Structure formats: C-alpha cells, structure tokens
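Inside the fold
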Amino acid sequence: MSRSIRRVEQAAAILGLDITILSMPDSTRTAEEAAAAYGCTLSQIVKSLIFLRIDTKKLALLLSPGDQKADLERAARTIGAPLKQANAQTIRDLTGFSIGGVSPLGHKISLPTFMDPALLRHETVWVAGGTSNAVFAINPSRLQQATKARLLER
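Residues numbered from 1 in each chain as written. Predicted model: local features only at pLDDT ≥ 70, side-chain atom pairs only at ≥ 80, totals over all residues. Heavy atoms only, no water.

Regarding the environment of S27
Where we set the bar: Starting at the N terminus, helices and strands are each numbered in turn, a helix being any DSSP run of H or I of at least four residues and a strand any DSSP run of E of at least two. Every residue pair with non-hydrogen atoms within 4.5 Å of one another is taken to be in contact.
Topologically, S27 is positioned in the loop between strand 1 (22-23) and helix 2 (31-38). Along the backbone, S27 and S64 are 37 residues apart, and their C-alpha atoms lie at a distance of 19 Å. Every residue in contact with S27, bar those within four places of it in the chain, is listed here: E33, S132 and N133.

Written out as structure tokens, the structure is:
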C-alpha cells in the first residue's frame, strides 16, 4: 500500500470517518474513468482541484462534481480572490498527492476547502484515495463536515 493511501486512511480515522479505500486495476485518474469503474454518474465523482490564490499565493482546495468544469469566478467570489490552477510539482510538493490522485483528506499541509453544493444532491459520492487508481465512497455531507468545506456561493 502506498504512503499516500495510508495518509488518507490515517486522516479519515482521525476525523472519525469509516471509509474503505478501493484500489482499482485500471486508472481512475479522470472523472470519466472513475464513473465507468464505479458504475456511478459523472456527477457523483468528486474532483479535488488545487488552485493558487493570486493575491496570497496560498493554495485552496475546490471539491467539484465530475460532470462540471470548475467555476473559477464563483469560487473566487466565495474565496475572496482570483484563482489560477496550481502546477503539478507544487501540488505534489505541498499536498503529497499527484494530479489524478489528490484526495480531499490527508494533505501534508492544511488547506482551506471549498465545495460545490451540487455534490450534496447525492447520497454517495466517490473521491480519490491518494493515488490515480484508489477511491472511496462517502456521503457528501460527511465529506463537507470532515474537510470543513465552505460551500460556494451562488
């Protein structure tokens, strides 16, 4: 088992989340691959996207449904600053995860987290478990509570 997956499991345990991380034989790096692998809708896939605040150069985590492009204008209104996508090396260095496996839990640093409220329409969503082929299912309200995610404003 990879260190990244162990870090996610440890973070979940600390938060009181009972999760089971599944390792799939094929990549679930993209939302489309993940939805096909888990037999769920694309909107049930949670994309964990790391952005850089343009004003402070600090990172922010945006949890977005797999069937939508991240709405950066809406996110900027909620966060209070314009955003740009963080580069892969910065994401790896500061979170400990590679793109395609970024989990909402277990980052090396504390990240302010923001969530698209569309995720709350589902009973269960699927999120990355630390690698490009590892995922776990969770109730989106529990995910919001565990990550202390602030909902994006309309």
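Here we look at the sheet that holds strand 6 (residues 125-128)
In plain terms, the rule: Between any two strands, pairing holds if DSSP finds at least two bridges.
Here 3 strands make up an open sheet; going across it, the order is 1-7-6 and the pairing antiparallel. One side of each edge strand has no neighbouring strand; the edge strands of this open sheet are strand 1 and strand 6.

A closer look at the environment of T41
For clarity, the cut-off: In protein, a polar contact requires one atom able to donate a hydrogen and another able to accept it; more generally it is a pair of N or O atoms within 3.5 Å, and residues adjacent in sequence count only if both atoms are side-chain atoms.
Considering the arrangement of structural elements, one finds T41 in the loop between helix 2 and strand 2 (46-53). On a C-alpha basis, the gap between T41 and S64 in space is 14 Å, while along the polypeptide they are 23 residues apart. For T41, the contacting residues outside a window of four places in its chain are A35 and H122. Polar side-chain contacts of T41 include one of 3.1 Å to the side chain of S43.

Points about the pattern of salt bridges
Threshold: A pairing counts as a salt bridge when a side-chain nitrogen of Lys or Arg comes within 4 Å of a carboxyl oxygen of Asp or Glu. When a residue's accessible area, from a 1.4 Å probe over protein chains only, is under 20% of the maximum for its type it is buried; when over 50% it is exposed; and in between it is partly exposed.
According to the stated counting rule, one finds 3 salt bridges in the structure shown. Between D55 and R53 there is a salt bridge, with its nearest N and O atoms 2.7 Å apart. Put simply, R150 and E153 hold a salt bridge, and the shortest N to O gap is 3.1 Å. Judged by its relative accessible area of 39%, E153 falls in the partly exposed class.

Examining the layout of surface pockets
Heads up, the rule is: A 1.4 Å probe that fits but cannot get out identifies a cavity on a 1 Å grid over protein atoms alone, an open set with protein on both sides within 12 Å along at least five of seven lines counts as a pocket, and a residue lines either if it has an atom within 4 Å of a point. Grid points are joined across faces, edges and corners, and a volume is the space filled by probe spheres set on the points. Charged means Asp, Glu, Lys or Arg here, nonpolar means Ala, Val, Leu, Ile, Met, Phe, Trp, Tyr, Cys or Pro, and polar covers whatever is left, Gly included.
One number sums up the size of the largest pocket: a volume of about 480 Å³. Listing elements by their share of the lining of the largest pocket, those giving two or more residues are helix 2, strand 2, strand 6 and strand 7 (134-138). For the lining of the largest pocket, the leading source of residues is strand 2, giving 6 residues. Broken down by class, the residue content of the lining of the largest pocket amounts to 18 nonpolar, 7 polar and 3 charged. The wall of the second largest pocket is formed by 15 residues, among which P104, L105, G106, A146 and T147 lie closest to the centre. Elements that contribute at least two residues to the lining of the second largest pocket include exactly helix 1 (3-14) and helix 5 (140-147). When grouped by side-chain class, the residues that make up the lining of the second largest pocket number 9 nonpolar, 5 polar and 1 charged.

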